[in-house]
Amino acid sequence: QVQLVESGGGLVQPGGSLRLSCAASGTIFSINTMGWYRQAPGKERELVATITRSGNTNYADSVKARFTISRDNAKNTVYLQMNSLKPEDTAVYYCLAEIVSWNGIRRDYWGQGTQVAVSS
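Throughout, a residue's number is its position along its own chain's written sequence, starting from 1. Local features in this predicted model are restricted to residues of pLDDT 70 or higher, and side-chain atom pairs are both shown and tallied only at a pLDDT of 80 or more, whereas totals for entire chains, interfaces and linings draw on every residue. The side-chain quantities take in all heavy atoms of the structure and omit both hydrogens and water.

> Just to check I follow, could you spell out the side chain of Glu-6 for this structure?
Labels follow the DSSP assignment, with helices taken as runs of H or I lasting at least four residues and strands as runs of E lasting at least two, numbered in each case from the N terminus. Here Glu-6 is to be found in strand β1 (residues 2-7). Accessibility here uses a 1.4 Å probe with only protein chains present; expressed as a share of the type maximum, an area under 20% marks a residue as buried, one over 50% as exposed, and anything in between as partly exposed. In this tally Asp and Glu are treated as negative and Lys and Arg as positive; neither His nor the chain ends contributes. One speaks of a salt bridge when a side-chain nitrogen belonging to Lys or Arg is within 4 Å of a carboxyl oxygen belonging to Asp or Glu. No salt bridge is formed by the buried Glu-6; the nearest opposite charge belongs to Arg-45, separated by 7.8 Å. Polar contact is the term for a pair of N or O atoms within 3.5 Å; when the atoms are in protein, one must be able to donate a hydrogen and the other to accept it, and sequence-neighboring residues count only if both atoms are side-chain atoms. In this structure the side chain of Glu-6 is engaged in a polar contact, spanning 2.5 Å, whose partner is the backbone nitrogen of Cys-95. Polar side-chain contacts of Glu-6 include one of 3.4 Å to the backbone nitrogen of Gln-112. Note on contacts: a residue pair qualifies if any of its non-hydrogen atoms lie within 4.5 Å across the two residues. When near neighbours in sequence (up to four residues on either side) are disregarded, Glu-6 contacts Ser-21, Cys-22, Trp-36, Tyr-93, Tyr-94, Cys-95, Gly-111, Gln-112, Gly-113 and Thr-114.

What follows is the structure, given as structure tokens:
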């Protein structure tokens, strides 16, 4: 069994900052790519940022230069530092991890989601 537990969401004013965390636990051999996605009301889920195990990152154009993704492989945790937040960043943010189990099977796991609301 594998669980991804997210934290750090909340309500913030425009221009503010939040830091999201996502910790993976369970029967994990290794974790390949980790990432953050978001889904706003009435919209499809979209990519925010991803990071490989070696630290290569990829960002959606809408968040470049404002958001920073990082990870701590020893803690099986991925972070998303969000600065200069805008109302259009309001969404439920989901963590995704490609996890390799001890029997060699690779599978994607999703977190339960954490709400981020940007409003004055």
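> Could you clarify how one ought to interpret the environment of Ser-21 in this entry?
Position of Ser-21 relative to the elements: it lies in strand β3 (residues 18-26). The class of Ser-21 is buried, set by a relative accessible area of 17%. Ser-21 sits 91 residues away from Gln-112 along the chain, and the two C-alpha atoms are 12 Å apart. Once you skip the residues sitting within four places of it in the chain, Ser-21 turns out to touch Val-5, Glu-6, Ser-7, Trp-36, Val-78 and Tyr-79.

> Can you walk me through the state of the cysteines in this structure?
By definition, a disulfide links the sulfur atoms of two cysteines through a covalent bond. Note on terminology: disulfide denotes any pair of cysteine sulfur atoms within 2.5 Å. For the structure on display, the rule yields one disulfide. Disulfide partner of Cys-22: Cys-95, at an S-S distance of 2.1 Å. Around the S-S axis, the bridge from Cys-22 to Cys-95 shows a dihedral of about -80° and counts as left-handed. Taken as a pair, Cys-22 in strand β3 and Cys-95 in strand β9 (residues 91-100) lie far apart in primary sequence, 73 residues in all. Comparing Cys-22 with Cys-95, the two get one shared label, buried.

> Is there a simple way to explain the sheet that holds strand β8 (residues 77-82) in this structure?
Working definition: the strands of a sheet are paired by backbone hydrogen bonds and lie parallel or antiparallel to each other. Taking strand neighbours across the sheet as the criterion, the four strands line up as β1-β3-β8-β7 in an open arrangement whose pairing is antiparallel. With partners counted over all chains shown, the strands left at the sheet margins are β1 and β7 (67-72), one partner each. Pairs of neighbouring strands in the sheet enclose a mean axial angle of 15°, with direction left out of account. Each pair of strands is called paired provided DSSP finds at least two bridges between the two strands. Geometry is summarised by axes, namely lines fitted to C-alpha atoms with helices restricted to the contacting stretch, and by angles between N-to-C directions that run from 0 to 180 degrees.

> Hey, could you run me through the pattern of salt bridges in this one?
Oppositely charged side chains are able to pair whenever their charged atoms sit close together. The tally for this structure, following the rule as stated, stands at five salt bridges. Arg-38 is the partner of Glu-46 in a salt bridge, and the nearest nitrogen-oxygen pair spans 2.7 Å. Under the relative-accessibility criterion, Arg-38 is labelled buried at 6%. A salt bridge links Asp-89 to Arg-38; the shortest N-O distance between them is 3.0 Å. Of this pair, Asp-89 sits in the loop between β8 and β9 while Arg-38 sits in strand β4 (residues 30-39); the two residues are 51 residues apart in sequence, bridging distant segments of the chain. In this pair, the class of Asp-89 matches that of Arg-38, namely buried. Each of Arg-38, Glu-46, Arg-66 and Asp-89 takes part in one network of salt bridges that share partners.

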